[in-house]
Amino acid sequence: FDVVSGDSKLLTEFVTLMPGIPHWTPENEQVIYPGKKKLQKTASGKSANPLNGNPVVCFTYKDKLVISRTGSDDYLYLDPLPGSQYLNPAVSRDGGRIAFETVGGSLYVMNNDGSGLQELGIGYRPRFSPDGKQLVFMVAEDDGHRYLSSDIYIIGTDGTGRTNLTNTNDRLEMNPDWSPTADVIVFDTLYEGVIYQMQVR
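Quantities reported herein were computed from a predicted structural model and do not represent experimental measurements.

Here is what the cut-offs are and how they apply
Residues numbered from 1 in each chain as written. Predicted model: local features only at pLDDT ≥ 70, side-chain atom pairs only at ≥ 80, totals over all residues. Heavy atoms only, no water. Helix = DSSP H or I, 4+ residues; strand = E, 2+ residues; numbered from the N terminus. Buried < 20%, exposed > 50% of the residue type's maximum accessible area, 1.4 Å probe, protein only. Contact = heavy atoms within 4.5 Å. Pairing = 2+ DSSP bridges. Phe/Tyr/Trp six-rings, centres within 6.5 Å; stacked < 30°, edge-to-face > 60°. Patch = residues over 30% accessible without salt bridge, like charges linked within 9 Å, V, L, I, M, F, W, Y side chains within 5 Å. Areas by Shrake-Rupley, 256 points an atom, 1.4 Å probe, with all protein chains shown as cover. Salt bridge = Lys/Arg side-chain N within 4 Å of Asp/Glu carboxyl O. Axes fitted to C-alpha atoms, helices over the stretch in contact; angles between N-to-C directions.

Visitor: Any chance you could explain the overall build of the protein here in plain terms?
Guide: The secondary structure content of the protein amounts to zero helices and 17 strands. Counting every position in the protein, which comprises 201 residues, the buried fraction comes to 38%. In the protein, of all internal contacts separated by at least 6 residues, the share reaching a separation of at least 24 is 30%.

Visitor: Help me understand the sheet that holds strand β12 (residues 134-142) in this model?
Guide: Two strands in a sheet stick together by hydrogen bonds in their backbones, pointing the same way (parallel) or opposite ways (antiparallel). Taken together, four strands build an open sheet; the order of strands is β11-β12-β13-β14 and the sheet is antiparallel. Edge positions in the open sheet fall to β11 (124-128) and β14 (163-164), since each of these has one partner strand only. Pairing of β11 with β12, which is carried by three bridges, proceeds in the antiparallel orientation. If you follow Arg127 over to β12, its bridge partner there is Val136.

Visitor: Explanation requested: the pairing of strand β8 (residues 97-102) in the structure shown.
Guide: As a general feature of sheets, a regular strand has side chains that alternate between the two faces. Most of β8 sits out of view: five of its six residues are buried. In the sheet, strand β7 (residues 86-91) pairs with β8 via four bridges, with the strands oriented antiparallel. Paired with Tyr86 across the strands is Thr102, a residue of β8. Connecting the antiparallel pair β7 and β8 is a turn made up of five residues, with Gly95 showing a positive phi of about 80 degrees.

Visitor: Explain unusual backbone geometry to me, please; I cannot follow it from the model alone.
Guide: With the exception of glycine, the majority of residues adopt a negative phi angle, and the majority of peptide bonds are in the trans configuration. Of note in the backbone geometry, Asn88 takes a positive phi value of approximately 50 degrees without being a glycine. If you trace the backbone, Asn88 turns up in strand β7. The backbone of Asn167 shows a phi angle near 50 degrees, a positive value even though the residue is not glycine. Looking at where Asn167 falls in the secondary structure, it is placed in the loop between β14 and β15 (173-178). Classification of Asn167 by relative accessible area gives exposed; the value is 59%.

Visitor: Help me out: how do you make sense of the packing of aromatic side chains in this one?
Guide: The geometry of an aromatic ring pair comes down to the distance between the two centres and the angle between the two planes. Here the structure, examined in full by the defined rule, presents four aromatic pairs. Relative to Tyr196, the ring of Phe187 has its centre 5.6 Å away and its plane inclined at 15 degrees; by these criteria the two rings are stacked. Given the relative accessible area of 7%, Phe187 is considered buried. Every member of this aromatic cluster is reached through a ring pair, and the members are Tyr86, Phe100 and Tyr108.

Visitor: Even after reading the chapter, I still don't get a nonpolar patch on the surface, so can you show me in this structure?
Guide: A cluster of nonpolar residues, Phe1, Val3 and Val4, forms a patch on the protein surface that exposes about 430 Å² of accessible area. Checked against the element boundaries, Phe1 lands in the segment before β1 (23-24).

Visitor: Would you mind going over the pattern of salt bridges with me for this structure?
Guide: Two side chains carrying opposite charge are able to pair once their charged atoms lie near each other. Summed over all chains, the structure comprises two salt bridges. Where Arg146 meets Asp143, a salt bridge forms, and the shortest distance between an N and an O atom there is 3.9 Å. For Asp143, a relative accessible area of 38% puts it in the partly exposed group. Where Glu192 meets Arg171, a salt bridge forms, and the shortest distance between an N and an O atom there is 3.5 Å.

Visitor: For this particular structure, what's the right way to read the sheet that holds strand β4 (residues 57-61)?
Guide: One open sheet holds the three strands; their spatial order is β4-β5-β6, and the pairing between them is antiparallel. The open sheet has two edge strands, β4 and β6 (76-78), and neither has a second partner. Sheet twist, expressed as the average angle between the axes of neighbouring strands with direction ignored, equals 30 degrees. Bridging between β4 and strand β5 (residues 64-68) involves five bridges; their strand directions are antiparallel. Paired with Val57 across the bridge in β5 is Ser68.

Read these as layout, nothing more, since geometry by itself doesn't imply function.
In structure tokens form, the structure reads like this:
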């Protein structure tokens, strides 16, 4: 979807039970997404090597974190916390670190080979800052039927500096991400259908 022109383009046919979320390649010229058996690629503009610069793609499949360093069918299957279910993995821009959450558990960060696992406390839907030194994420509470509260937090990938950026009682801030220049964080709010941006010092 082009936010300037309003034009949209269908890239894939309807797929049921897609095991992960689509991602742009670093050149913003192709979209990659996990298929049921291998990583799929679809052109969105001119053709390009979809994984130049050795980026890393991470998605969940059958209770494992699946990592591809090349975009080929050679995947690394990781289970850093056996018995856990993994959600919302995010990859740092240089491909060196992976952040993820666990169902009913905490937010974690580790190296892309599974080493250096570190727990960061409760957190959901993490995203790395462009320099890879911080994560922005949401912390939400629910009663099993609806969300009761949600705020946007940041934390250093070393576990320091955990800070609530929104700390509101009348708004449910969710799904944060960084601007490419790292000076703005964007997020949406439940029920309002509004996207906000927040300056970052």
